[in-house]
Amino acid sequence: MPQYCYVDNDETTITTYPGNPYPLGAFYDGHGINFAIYSEYATKVQLCLFQKNENDDELIEYTRINIKEQTHQIWHIYLPDFEPGLVYGYRIDGPYDPRNGHRFNVNKLLIDPYARALTGTLNWHDSLFGYNVNDPSSDKDLTFSNLDSAPYIPKCIVIDSNNFNWGSDSSPNIPLHDTIIYELHVKGLTKLHPKIPENIRGTYAAVAHPVMIEYFKQLGITAVKLMPVQHFSTDRHLKQRGLTNYWGYHTIGFFAPDSRYSSSGAYGEQVLEFKRMVKKLHKAGIEVILDVAYNHTGEGNQFGPTLSFKGIDNRSYYRLPEDNKRYYFDYTGTGNTLNCRLPNVLRLIMDSLRYWILDMHVDGFRFDLAATLARESHAVDRLSAFFDIIHQDPVIGRVKLLAEPWDLGEGGYQIGKFPPGWAEWNGKYRDCVRDYWRGQPSMLSEFAERFTGSSDLYREERRGPTASINFLTAHDGFTLNDLVSYNEKHNYLNGENNMDGESYNRSWNCGFEGPTTNVQINEFRDCQKRNFLVTLFLSQGIPMLVAGDEFGRTQYGNNNAYCQDNEISWINWPNIDEHLLEFTQKLIHLRRQHSVFRRCTWFRGQAVLQNELEDIAWFKSDGQHMEEHDWQHDYAKSFAVFINGRGVHSRTRSGLRVIDDSFYIIFNAYHDYINYKLPSDSYAKDWTKILDTNKDKLILDGDEGRKYQANEIVTVHGYSIVLLHHIMTKRELLL
């Protein structure tokens, strides 16, 4: 039998049915809308409906419907005849007892954790806090606020998940060893792009504009990794300083693409625009990976606002100390940590991941501060429920899973310790390569380890080289240009007296801090950029390039531009280094053409087959093999490596053995030139030099480069790389 609820503002009634506890969120079935929300300790749940004011389009709350049905702590109701586009939120009552972890406040409108779309952004106001924010005492979070927050908080939008035609869309499903990741910010990528229509710059539509798709294809990347696009909030203190949460790591809507990146509207149109972006990228053979932060929310600590989880059921979502639940564990530096030990939190995360895969067609995720998700008690547990569930899930387990393998808590640095099936941001690769190219001593052995895939980190777990996401820069830290232009961070515009951001950057300004007109310094910096890029794209593992590094983007020395939604962070397309861009394009295509740089298995350092050469060999400048003691010299900064094209240890899908050309790479981080004697003709009778980072030319057609014979001398300039190519003859291929 239907129930009837009298609306607050007039005499009409709304027909309701009990509804179902699943699916959670607001689900339109073609006849009406089912609402379901989890709250274990709530005593009263109200569904609040909104409509536009006829005069100014302001959203006005016109009714509150008491939800009476409850199944296993899930409150649910069904509204027949309502359609997508409905605007809603929740008010939830229960005990206000912060010392015991309860922060219910019915005066606060709450965002549905499962909302598929949100309209509007947070408009900071004292009413958004569950306590009296103006109370002068240090215990003000124990007070209670009677202010109504509804006018100032984003509202939830009901969408129809089935109203988009995906056609024949499917994931490009690029193998990990063929993957090249391009990290970008949706707004920053195109905000200043002169060839993108102005009305869509900085949006999902712009990312998939033909101009950008053609650029991606010419560059050669296979996947875009989008910085957070799940709806997020900006901290009040940033707003007061005229800044914003540009990076987007304060999520408040784990199912909702942020409407600020939509050019088509904010009442569900952002969902369709996101889907169109994915579909177009897939058609171009490009995968979409989302940067996600399931470790915390934008509600902060006990002094933060009440926007969603805190008011829905604080104890059932956040990690609170057992001895004083007034406070929050903070492993993330944001004030709170979601409690992944609880079934309802795990369900929220898994449902969100499945939604982005099944409904939004994304191809993978990069998990921010992923070690937090693995904390069972206080320690990080590789066998935690989070990993168990993902490993067995037939949907989530088949997409690309990338981890930032650390957090800010004790024991949080977990690089190399994630389970098989995961790839990790390899911070040790970044640090080592930076140190090597700034001439630090005792780096040869580790540099060789990182260059060949970091087997010391991943081999024991029976993972391959593709467990390593190799990167030199990321959204946090210096850009590649700034890495060779600044010794110190310059973050004063962030308003924190230059105290924020990493102080130890392993950077080298090459003799002058910041921009200079000195020709020699600029030429040296250009050479260093090429050294970094060549190292990155010839290393075993999965390379990740930050948008703009391919043509010298600068943030003017700011290594923590999280709050800079302006020209500091936006890519300046009219002012790019065309020479560096062309070099990077050719370098990426070289990697894609040759399987020796994209191995699935580890080097063995042994003969591939009887009477054949080893798959990899290391050489000194005299043409002799490196011995164990040669790696230990703290002054040694140069070596050569032979990579055998017959030693790839892979087969094609049809079972044929993969055979490639061979390469000889000479690295020199010494400040002066070194003459290298090439190895004997047992390795190759002839070589062609196709790259010298002392120059900005990379030759993809081997016939154009300078020829060398076995045992001949090659001069390698200081701080440079020389790459020699041996094209397999027909006779060698038949051996």
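Details of the structure are given in the entry above.
The rules behind each value
Residues numbered from 1 in each chain as written. Predicted model: local features only at pLDDT ≥ 70, side-chain atom pairs only at ≥ 80, totals over all residues. Heavy atoms only, no water. Helix = DSSP H or I, 4+ residues; strand = E, 2+ residues; numbered from the N terminus. Buried < 20%, exposed > 50% of the residue type's maximum accessible area, 1.4 Å probe, protein only. Contact = heavy atoms within 4.5 Å. Areas by Shrake-Rupley, 256 points an atom, 1.4 Å probe, with all protein chains shown as cover. Pairing = 2+ DSSP bridges. Axes fitted to C-alpha atoms, helices over the stretch in contact; angles between N-to-C directions. Salt bridge = Lys/Arg side-chain N within 4 Å of Asp/Glu carboxyl O. Expected span 1.5 Å × (residues − 1). Phe/Tyr/Trp six-rings, centres within 6.5 Å; stacked < 30°, edge-to-face > 60°. Lys NZ or Arg CZ within 6 Å of the ring centre and 35° of its normal.

All right, on to the overall build of the chain then. Looking only at helices and strands, one finds 15 helices and 31 strands in the chain. Its C-alpha atoms give the chain principal-axis dimensions of about 95 × 55 × 55 Å. Out of the 735 residues belonging to the chain, those deemed buried represent 61%. Long-range contacts, defined as pairs at least 24 residues apart, comprise 72% of the intrachain contacts of the chain with a sequence gap of at least 6. Here the chain has roughly 29,000 Å² of accessible surface; of this, 47% comes from carbon and sulfur atoms.

Taken in spatial order, the 4 strands make up an open sheet running 3-4-8-7, and their pairing is antiparallel. In the strand order of this sheet, the two ends are held by strand 3 (25-28) and strand 7 (69-71), each with one partner. When strand polarity is set aside, the average angle formed by the axes of neighbouring strands in this sheet is 25°. Here strand 4 (residues 32-38) pairs with strand 8 (residues 74-80) via 7 bridges, running antiparallel. Each bridged residue has a counterpart across the sheet, and for phenylalanine 35 the counterpart in strand 8 is isoleucine 77.

To continue, consider the pattern of salt bridges. For side chains of opposite charge, pairing can occur when their charged atoms come near one another. Scanning the model with the defined rule gives 32 salt bridges in all. Among the ionic pairs, arginine 450 bridges to glutamate 446, the shortest N-O distance being 3.3 Å. Placement of both arginine 450 and glutamate 446 in helix 10 (residues 444-451) is noted, with a separation of 4 residues, approximately one turn of the helix. On the basis of relative accessible area, arginine 450 is assigned to the buried category, the value being 3%. Within the structure, one salt-bridge network assembled from shared partners comprises Glu183, Lys225, Asp291, Arg366, Asp368 and Glu404.

Right, let's talk about helix 7 (residues 343-358) for a bit. Structural remark: α-helix, 3.6 residues per turn; residues separated by three or four positions point the same way. An ideal rise of 1.5 Å per residue puts 22 Å on 16 residues; helix 7 measures up with 22 Å between its terminal C-alpha atoms. Those residues of helix 7 not exposed but buried are Asn344, Val345, Leu346, Leu348, Ile349, Met350, Ser352, Leu353, Tyr355, Trp356 and Ile357.

With that out of the way, let us pick up the packing of aromatic side chains. Inspection of every chain in the model, using the stated rule, returns 58 aromatic pairs. Ring geometry for tyrosine 664 against tryptophan 687: centres 5.7 Å apart, planes inclined by 45°, an arrangement best described as tilted. Of this pair, tyrosine 664 sits in strand 26 (residues 662-668) while tryptophan 687 sits in strand 28 (residues 686-692), placing them 23 residues apart in sequence. Taking the relative accessible area as the measure of exposure, tyrosine 664 reaches 0% and is therefore buried. With relative accessibility at 0%, the residue tryptophan 687 sits in the buried group. The side chain of arginine 260 reaches across the aromatic face of phenylalanine 232, ending 4.1 Å from its centre. The lysine or arginine in question, arginine 366, covers the ring of tryptophan 425, its NZ or CZ lying 4.0 Å from the ring centre.

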